[in-house]
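Overview (structure and organization)
Below, each chain spelled out in residue letters.
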Amino acid sequence: RTVSGGRAEGLASCMGTAIGGLLHVIASSLGLSVLIAKSAIFFSLLKYLGAAYLIYLGIRLLLSKGPDALIEPSNPQGPRRALMEGIVVEALNVKTALFFLAFLPQFVRPDAPLITQLAVLGIICVTLNTVADALAVIGAHHLLDSSVARAAKARWMTRTSGVTMLGLGAYLASAQRN
């Protein structure tokens, strides 16, 4: 989606995943990630909602119209939708919650306020991920614009994205609580 929908939609999707990531930072800082990790019900609920949404997005990409519709989006609300989809995908990603739960506490100092440290570390993490995502979107947009084979590249990237979303959804659905 981020590649085939154009640079504006791609960057909006990056911002959406950043916002979704920040929701996980807040949850982690407040201890809610521990609840998700320890509760089989909450873990499974978040896991299956996230997996179902990824599978939905993958199927939608695979069933999308030809590459011309993807290169020249006709929907003026494309970036808004991409932003919302980015938020939902990341907010429902149980692996992000578990990542923050497992990774961030390793870097906190016991003599400093825990919530502040977790928030700062999480924001740094989300910022670095967002910069990497934005660079990938800009690079992919450049690839699509740099060649006469633009439609073929868009079709290939859309199909690859669709299969990737299906795979990620299946992987997420099979994730175990550890």
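On a predicted model such as this, the values are computed, not experimentally measured, just so you know. (Residues numbered from 1 in each chain as written. Predicted model: local features only at pLDDT ≥ 70, side-chain atom pairs only at ≥ 80, totals over all residues. Heavy atoms only, no water.)

A surface patch of nonpolar side chains, about 720 Å² in accessible area, is lined by Ile19, Leu23, Ile26, Leu30, Leu32, Leu35, Phe42 and Ile115. Residue contributions to the nonpolar patch peak at three residues, all from helix α1 (residues 7–29). Tracing the backbone shows Leu30 in the loop between α1 and α2 (32–38). (Patch = residues over 30% accessible without salt bridge, like charges linked within 9 Å, V, L, I, M, F, W, Y side chains within 5 Å. Areas by Shrake-Rupley, 256 points an atom, 1.4 Å probe, with all protein chains shown as cover. Salt bridge = Lys/Arg side-chain N within 4 Å of Asp/Glu carboxyl O. Helix = DSSP H or I, 4+ residues; strand = E, 2+ residues; numbered from the N terminus.)

Here we come to the nonpolar core. In terms of nonpolar packing, the biggest core is built from 13 residues, with Ile36, Leu46, Val94, Met165 and Leu172 touching the most fellow members. Mapped onto this core, the elements with two or more residues apiece are α3 (40–62), α6 (94–103) and α8 (150–173). The element contributing the most residues to this core is α3, with seven residues. Aside from chain neighbours lying at most four places away, what touches Leu46 is Ile36, Ala91, Leu92 and Val94. Formed by seven residues, the second largest nonpolar core is a distinct cluster that contains Ala18, Leu104, Leu118 and Val126. (Core = buried A, V, L, I, M, F, W, Y, C linked by side-chain atoms within 4.5 Å. Buried < 20%, exposed > 50% of the residue type's maximum accessible area, 1.4 Å probe, protein only. Contact = heavy atoms within 4.5 Å.)

Turning our eyes to something else, we now look at the confidence of the model for the chain. The predicted model of the chain has a mean per-residue pLDDT of 81, with 85% of residues at 70 or higher. pLDDT under 50 marks residues 68–76. Its contacts with residues more than four places away, or in other chains, come to 13 contacts. (pLDDT = per-residue confidence, 0-100.)

Residue position: Thr158 is located in helix α8. Linking Thr158 and Leu61, residues 97 residues apart in sequence, is a C-alpha distance of 6.3 Å.

It is worth spelling out the environment of Thr130 at this point. By secondary structure assignment, the location of Thr130 is in helix α7 (residues 114–145). Taking C-alpha positions, Thr130 is 9.8 Å from Ser13, a pair spaced 117 residues apart along the chain. Those residues within four positions of Thr130 in sequence are excluded, and the remaining contacts are Cys14 and Ala18.

A few words now on the packing of α1 against α6. Look at α1 against α6: their axes get within 9 Å of each other, and the N-to-C directions meet at 45 degrees. In this view, α1 runs oblique relative to α6, as classed from their interaxial angle. The hand of the α1/α6 crossing is right-handed. Residues Gly21, His24, Val25 and Ser28 of α1 form the contact with α6, whose participating residues are Thr96, Ala97, Phe100 and Leu101. Partitioned by chemical class, the residues of the contact of α1 with α6 number four nonpolar, four polar and no charged. (Axes fitted to C-alpha atoms, helices over the stretch in contact; angles between N-to-C directions. Parallel < 35°, antiparallel > 145°, perpendicular 65-115°, else oblique. Left-handed = near helix turned anticlockwise from the far one by under 90°. Nonpolar A, V, L, I, M, F, W, Y, C, P; charged D, E, K, R; others polar.)

Attention now goes to the environment of Ile123. Tracing the chain through its elements places Ile123 in helix α7. Separated by 102 residues in sequence, Ile123 and Gly21 have C-alpha atoms that sit 8.5 Å apart. Other than its neighbours up to four places away in sequence, Ile123 contacts Leu22 and Val25.

So, on to the packing of aromatic side chains. Overall, the coordinates contain four aromatic pairs when judged by the stated rule. A centroid spacing of 5.8 Å and a plane angle of 35 degrees characterise the contact between Tyr53 and Tyr56, whose relative ring orientation is tilted. Separated by three residues within a single helix, Tyr53 and Tyr56 lie in helix α3, roughly one turn from each other. By relative accessible area, which is 41% here, Tyr56 ends up partly exposed. Among the aromatic side chains, those forming a connected cluster through ring pairs are Phe99, Phe100, Phe103 and Phe107. (Phe/Tyr/Trp six-rings, centres within 6.5 Å; stacked < 30°, edge-to-face > 60°.)

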